[in-house]
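Below, each chain spelled out in residue letters.
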Amino acid sequence: MGDLRPRLGIVCGMLSEVRALGAFARDPRVAVAVSGARPERAEAEAVRLATSGCGVLLSWGVACGLDPALAPGALLLASAVIEEDSTRHALAPWLAGPAAEGPALILGADRMLLDPAEKSRLRRATGAAAADMETHRVARAAAAAGIPALAIRAVGDPADRAVPALAARALGEDGRPRLGAVALGLLARPGNLADLLRLRRDTASALAALGGIAGAAIAAILTRCSDA
(Lines give C-alpha, C1' and ligand atoms only; values in the text may rest on other atoms or scores of the structure.)
Protein backbone atom coordinates (compact mmCIF):
# COMPACT_ATOMS: atom_id res chain seq x y z
CA MET A 1 0.00 0.00 0.00
CA GLY A 2 3.01 2.31 0.13
CA ASP A 3 4.07 4.88 2.67
CA LEU A 4 0.97 6.45 4.23
CA ARG A 5 2.74 8.70 6.71
CA PRO A 6 1.50 12.30 6.65
CA ARG A 7 2.97 14.19 3.71
CA LEU A 8 0.69 17.21 3.79
CA GLY A 9 0.25 19.37 6.88
CA ILE A 10 -2.85 21.56 6.99
CA VAL A 11 -3.32 24.46 9.39
CA CYS A 12 -6.86 25.72 10.05
CA GLY A 13 -8.14 28.34 12.45
CA MET A 14 -11.51 26.75 13.21
CA LEU A 15 -12.82 23.22 13.65
CA SER A 16 -15.51 23.97 11.06
CA GLU A 17 -12.73 24.47 8.48
CA VAL A 18 -11.40 21.01 9.32
CA ARG A 19 -14.87 19.59 8.68
CA ALA A 20 -14.86 21.27 5.26
CA LEU A 21 -11.96 18.97 4.31
CA GLY A 22 -14.38 16.05 4.37
CA ALA A 23 -12.76 12.62 4.26
CA PHE A 24 -9.30 14.14 3.80
CA ALA A 25 -9.36 15.31 7.41
CA ARG A 26 -8.97 11.61 8.31
CA ASP A 27 -6.63 10.60 5.49
CA PRO A 28 -3.41 9.04 6.87
CA ARG A 29 -1.39 11.06 4.35
CA VAL A 30 -2.70 14.29 5.90
CA ALA A 31 -2.01 15.84 9.31
CA VAL A 32 -4.34 18.64 10.44
CA ALA A 33 -3.74 21.27 13.14
CA VAL A 34 -6.18 23.84 14.54
CA SER A 35 -4.90 27.18 15.81
CA GLY A 36 -8.07 28.60 17.34
CA ALA A 37 -7.45 31.75 15.23
CA ARG A 38 -4.32 32.49 17.26
CA PRO A 39 -1.46 33.42 14.91
CA GLU A 40 1.35 32.38 17.26
CA ARG A 41 -0.25 28.98 17.69
CA ALA A 42 -0.71 28.67 13.91
CA GLU A 43 3.02 29.14 13.46
CA ALA A 44 3.89 26.73 16.26
CA GLU A 45 1.60 24.08 14.79
CA ALA A 46 3.05 24.63 11.32
CA VAL A 47 6.56 24.17 12.72
CA ARG A 48 5.43 20.98 14.45
CA LEU A 49 3.94 19.61 11.22
CA ALA A 50 7.09 20.42 9.26
CA THR A 51 9.41 18.83 11.81
CA SER A 52 7.20 15.73 12.01
CA GLY A 53 7.86 14.98 8.35
CA CYS A 54 5.22 16.84 6.32
CA GLY A 55 6.80 17.98 3.06
CA VAL A 56 4.13 20.57 2.20
CA LEU A 57 2.12 22.95 4.38
CA LEU A 58 -1.33 24.26 3.47
CA SER A 59 -3.17 27.19 5.03
CA TRP A 60 -6.87 26.36 4.60
CA GLY A 61 -9.99 28.19 5.66
CA VAL A 62 -12.08 31.34 5.73
CA ALA A 63 -10.68 34.78 4.96
CA CYS A 64 -11.81 38.36 5.47
CA GLY A 65 -12.52 40.10 2.18
CA LEU A 66 -10.52 43.20 1.28
CA ASP A 67 -11.34 43.46 -2.42
CA PRO A 68 -14.86 44.97 -2.66
CA ALA A 69 -15.56 42.80 -5.71
CA LEU A 70 -15.37 39.57 -3.70
CA ALA A 71 -18.62 38.23 -2.26
CA PRO A 72 -18.96 35.67 0.54
CA GLY A 73 -17.93 32.27 -0.80
CA ALA A 74 -15.40 33.58 -3.34
CA LEU A 75 -12.50 31.13 -3.54
CA LEU A 76 -8.90 32.33 -3.50
CA LEU A 77 -5.84 30.34 -4.52
CA ALA A 78 -3.06 32.47 -3.10
CA SER A 79 0.16 33.12 -5.00
CA ALA A 80 1.75 35.06 -2.14
CA VAL A 81 1.09 36.40 1.34
CA ILE A 82 2.15 39.86 2.47
CA GLU A 83 2.54 41.02 6.06
CA GLU A 84 1.69 44.50 7.29
CA ASP A 85 5.40 45.40 7.41
CA SER A 86 5.54 44.55 3.65
CA THR A 87 7.37 41.24 4.19
CA ARG A 88 6.25 39.04 1.31
CA HIS A 89 6.28 35.24 1.12
CA ALA A 90 5.84 33.44 -2.19
CA LEU A 91 3.47 30.45 -2.12
CA ALA A 92 3.68 27.37 -4.31
CA PRO A 93 1.56 27.79 -7.48
CA TRP A 94 0.64 24.13 -7.70
CA LEU A 95 -3.08 24.16 -8.32
CA ALA A 96 -4.82 25.13 -11.51
CA GLY A 97 -7.87 22.90 -11.13
CA PRO A 98 -10.23 24.50 -8.61
CA ALA A 99 -12.30 27.41 -9.90
CA ALA A 100 -10.98 30.36 -7.95
CA GLU A 101 -10.24 34.05 -8.12
CA GLY A 102 -6.56 34.30 -8.59
CA PRO A 103 -3.75 34.04 -8.38
CA ALA A 104 -4.48 36.13 -5.31
CA LEU A 105 -2.37 38.07 -2.84
CA ILE A 106 -3.35 37.41 0.77
CA LEU A 107 -2.65 39.72 3.69
CA GLY A 108 -1.40 38.07 6.87
CA ALA A 109 -2.79 39.82 9.95
CA ASP A 110 -2.19 39.10 13.61
CA ARG A 111 -5.68 40.28 14.57
CA MET A 112 -9.21 40.00 13.29
CA LEU A 113 -10.14 42.87 10.96
CA LEU A 114 -13.47 44.25 12.12
CA ASP A 115 -13.84 47.70 10.56
CA PRO A 116 -14.58 48.32 6.84
CA ALA A 117 -12.42 51.45 6.96
CA GLU A 118 -9.44 49.42 8.14
CA LYS A 119 -10.09 46.79 5.48
CA SER A 120 -10.14 49.54 2.86
CA ARG A 121 -6.89 51.05 4.16
CA LEU A 122 -5.12 47.68 4.08
CA ARG A 123 -6.44 46.98 0.60
CA ARG A 124 -4.95 50.27 -0.64
CA ALA A 125 -1.67 49.73 1.22
CA THR A 126 -1.03 46.14 0.13
CA GLY A 127 -3.23 45.32 -2.86
CA ALA A 128 -4.29 42.13 -1.08
CA ALA A 129 -7.59 40.52 -2.03
CA ALA A 130 -8.31 39.10 1.43
CA ALA A 131 -6.77 38.64 4.86
CA ASP A 132 -6.41 35.85 7.38
CA MET A 133 -4.48 35.11 10.56
CA GLU A 134 -2.76 31.86 9.59
CA THR A 135 -1.24 32.04 6.11
CA HIS A 136 1.71 34.31 6.91
CA ARG A 137 2.60 32.21 9.94
CA VAL A 138 2.39 28.99 7.91
CA ALA A 139 4.57 30.58 5.22
CA ARG A 140 7.18 31.56 7.81
CA ALA A 141 7.35 28.01 9.15
CA ALA A 142 7.56 26.52 5.67
CA ALA A 143 10.38 28.87 4.67
CA ALA A 144 12.32 27.98 7.81
CA ALA A 145 11.91 24.29 7.03
CA GLY A 146 12.73 24.69 3.34
CA ILE A 147 9.42 23.22 2.16
CA PRO A 148 6.60 24.61 0.00
CA ALA A 149 3.55 26.38 1.43
CA LEU A 150 0.17 26.89 -0.20
CA ALA A 151 -3.00 28.71 0.79
CA ILE A 152 -6.60 28.06 -0.24
CA ARG A 153 -9.08 30.51 1.23
CA ALA A 154 -12.73 31.43 0.82
CA VAL A 155 -14.11 34.87 1.62
CA GLY A 156 -16.40 35.07 4.64
CA ASP A 157 -17.16 38.64 5.67
CA PRO A 158 -16.83 40.92 2.61
CA ALA A 159 -14.86 44.16 2.48
CA ASP A 160 -17.80 46.42 3.31
CA ARG A 161 -19.06 44.36 6.24
CA ALA A 162 -18.44 45.44 9.83
CA VAL A 163 -17.80 42.60 12.26
CA PRO A 164 -18.76 43.04 15.94
CA ALA A 165 -15.85 43.02 18.38
CA LEU A 166 -17.51 40.09 20.14
CA ALA A 167 -16.50 37.88 17.21
CA ALA A 168 -12.85 38.25 18.15
CA ARG A 169 -13.56 36.55 21.48
CA ALA A 170 -15.98 33.95 20.19
CA LEU A 171 -13.52 31.18 19.32
CA GLY A 172 -11.79 28.89 21.80
CA GLU A 173 -8.25 27.56 21.52
CA ASP A 174 -9.66 24.28 20.24
CA GLY A 175 -11.27 26.05 17.29
CA ARG A 176 -14.81 25.63 18.63
CA PRO A 177 -17.22 28.51 19.30
CA ARG A 178 -17.21 29.76 22.90
CA LEU A 179 -20.96 29.81 23.27
CA GLY A 180 -20.85 31.07 26.84
CA ALA A 181 -18.72 34.07 25.85
CA VAL A 182 -21.04 34.81 22.95
CA ALA A 183 -24.11 34.65 25.19
CA LEU A 184 -22.55 36.99 27.76
CA GLY A 185 -21.50 39.38 25.03
CA LEU A 186 -25.00 39.48 23.62
CA LEU A 187 -26.45 40.19 27.04
CA ALA A 188 -24.22 43.24 27.19
CA ARG A 189 -24.82 44.26 23.56
CA PRO A 190 -28.00 42.63 22.23
CA GLY A 191 -27.81 44.81 19.12
CA ASN A 192 -24.89 42.65 17.93
CA LEU A 193 -27.17 39.68 17.30
CA ALA A 194 -28.09 40.67 13.75
CA ASP A 195 -24.43 41.25 12.84
CA LEU A 196 -23.39 37.89 14.32
CA LEU A 197 -26.13 36.08 12.40
CA ARG A 198 -25.01 37.75 9.19
CA LEU A 199 -21.39 36.78 9.93
CA ARG A 200 -22.56 33.21 10.49
CA ARG A 201 -24.26 33.21 7.07
CA ASP A 202 -21.16 34.65 5.39
CA THR A 203 -18.96 32.05 7.06
CA ALA A 204 -21.32 29.27 6.02
CA SER A 205 -21.01 30.43 2.40
CA ALA A 206 -17.22 30.29 2.67
CA LEU A 207 -17.23 26.84 4.27
CA ALA A 208 -19.58 25.51 1.59
CA ALA A 209 -17.25 26.79 -1.12
CA LEU A 210 -14.25 25.15 0.56
CA GLY A 211 -16.14 21.90 0.94
CA GLY A 212 -17.00 21.98 -2.73
CA ILE A 213 -13.37 21.95 -3.85
CA ALA A 214 -11.75 20.01 -1.01
CA GLY A 215 -11.76 16.66 -2.78
CA ALA A 216 -10.15 17.86 -6.01
CA ALA A 217 -7.76 20.32 -4.35
CA ILE A 218 -6.36 18.04 -1.64
CA ALA A 219 -6.10 15.10 -4.03
CA ALA A 220 -4.12 17.29 -6.43
CA ILE A 221 -1.75 18.43 -3.68
CA LEU A 222 -1.20 14.87 -2.48
CA THR A 223 -0.41 13.79 -6.03
CA ARG A 224 2.22 16.50 -6.26
CA CYS A 225 3.59 15.46 -2.86
CA SER A 226 4.01 11.92 -4.19
CA ASP A 227 5.70 13.15 -7.36
CA ALA A 228 8.07 15.54 -5.57
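Note that the structure is a prediction, hence the values are computed from the model and not measured.

Calculation rules
Residues numbered from 1 in each chain as written. Predicted model: local features only at pLDDT ≥ 70, side-chain atom pairs only at ≥ 80, totals over all residues. Heavy atoms only, no water. Buried < 20%, exposed > 50% of the residue type's maximum accessible area, 1.4 Å probe, protein only. Helix = DSSP H or I, 4+ residues; strand = E, 2+ residues; numbered from the N terminus. Pairing = 2+ DSSP bridges. Salt bridge = Lys/Arg side-chain N within 4 Å of Asp/Glu carboxyl O. Arc of directions from axis to C-beta. Axes fitted to C-alpha atoms, helices over the stretch in contact; angles between N-to-C directions. Parallel < 35°, antiparallel > 145°, perpendicular 65-115°, else oblique. Left-handed = near helix turned anticlockwise from the far one by under 90°. Contact = heavy atoms within 4.5 Å. Nonpolar A, V, L, I, M, F, W, Y, C, P; charged D, E, K, R; others polar. Polar contact = N/O pair within 3.5 Å; in protein donor to acceptor, adjacent residues only side chain to side chain. Core = buried A, V, L, I, M, F, W, Y, C linked by side-chain atoms within 4.5 Å.

**Here we look at the pairing of strand 1 (residues 8-12)**
Phase 1 of the analysis: Most of strand 1 is tucked away, with five of its five residues classed as buried.
Phase 2 of the analysis: Residues Leu8, Ile10 and Cys12 of strand 1 are buried on one face, and the alternating residues Gly9 and Val11, pointing to the opposite face, are buried as well.
Phase 3 of the analysis: Across five bridges, strand 1 lies against strand 2 (residues 30-34) in parallel orientation. Opposite Leu8, over in strand 2, you have Val30 as the bridge partner.

**What to know about the pattern of salt bridges**
Phase 1 of the analysis: One pass over the structure, following the stated rule, counts 15 salt bridges.
Phase 2 of the analysis: Linking Glu134 and Arg153 is a salt bridge whose minimum nitrogen-to-oxygen distance equals 3.1 Å. Taken together, the residues span a long stretch of sequence, with Glu134 in the loop between strand 7 (130-132) and helix 4 (135-145) and Arg153 in strand 8 (residues 149-155) at a distance of 19 residues.
Phase 3 of the analysis: Given the relative accessible area of 4%, Glu134 is considered buried.
Phase 4 of the analysis: One network of salt bridges, in which partners are shared, links Glu40, Glu43, Glu83, Asp110, Arg137 and Arg140.

**Looking at helix 3 (residues 116-126)**
Phase 1 of the analysis: All of the buried residues in helix 3 are Glu118, Lys119, Leu122 and Thr126. Seen along its axis, helix 3 keeps its buried residues to an arc of 100 degrees; they face one direction.
Phase 2 of the analysis: At the exit of helix 3 stands Gly127, carrying a positive phi of roughly 75 degrees.

**Re the packing of helix 2 (residues 39-51) against helix 4**
Phase 1 of the analysis: Close contact between helix 2 and helix 4 brings their axes to 8 Å; oriented N to C, the two are set at 30 degrees. Of the possible angle classes, the one that applies to helix 2 and helix 4 is roughly parallel. When the axes of helix 2 and helix 4 are compared, the crossing they make is right-handed. Here Pro39, Glu40, Ala42, Glu43, Ala46, Val47 and Ala50 of helix 2 lie close against helix 4, whose contacting residues are Arg137, Val138, Arg140, Ala141 and Ala145.
Phase 2 of the analysis: Its residues assigned to classes, the contact of helix 2 with helix 4 shows eight nonpolar, no polar and four charged.

**Considering the side chain of Asp157**
Phase 1 of the analysis: Of note, Asp157 is situated in the loop between strand 8 and helix 5 (179-188).
Phase 2 of the analysis: Asp157 gets classed as buried once you look at its relative accessible area, which sits at 9%.
Phase 3 of the analysis: A polar atom in the side chain of Asp157 sits 2.7 Å from the side chain of Lys119.

**Side note on the nonpolar core**
In summary, soluble globular proteins display a tendency toward joint burial of nonpolar side chains.
Phase 1 of the analysis: Counting 32 residues, the largest nonpolar core has Leu8, Ile10, Leu58, Trp60, Ile152, Ile218 and Ile221 as its most contacted members.
Phase 2 of the analysis: Of all the secondary structure elements, the ones that give two or more residues to this core are strand 1, helix 1 (15-19), strand 2, strand 3 (56-65), strand 4 (75-83), strand 8 and helix 6 (193-227).
Phase 3 of the analysis: With eleven residues, helix 6 is the largest single contributor of residues to this core.
Phase 4 of the analysis: Core analysis: the next-biggest nonpolar cluster, separate from the first, contains 28 residues, Ala50, Ala74, Ala141 and Ala151 among them.

**Structural notes on unusual backbone geometry**
Phase 1 of the analysis: Positive phi, close to 55 degrees, is recorded for Ala37, a residue that is not glycine.
Phase 2 of the analysis: With respect to the helices, strands and loops of the structure, Ala37 is situated in the loop between strand 2 and helix 2.
Phase 3 of the analysis: We note that Ser86 has phi near 80 degrees; this positive angle belongs to a residue other than glycine.
Phase 4 of the analysis: With respect to the helices and strands, the residue Ser86 is situated in the loop between strand 4 and strand 5 (88-90).

**Thoughts on the environment of Val30**
Phase 1 of the analysis: Topologically, Val30 is positioned in strand 2.
Phase 2 of the analysis: Using a relative accessible area of 8% as the deciding quantity, one classes Val30 as buried.
Phase 3 of the analysis: For Val30 and Arg7, which are 23 residues apart along the polypeptide, the C-alpha to C-alpha distance reads 6.1 Å.

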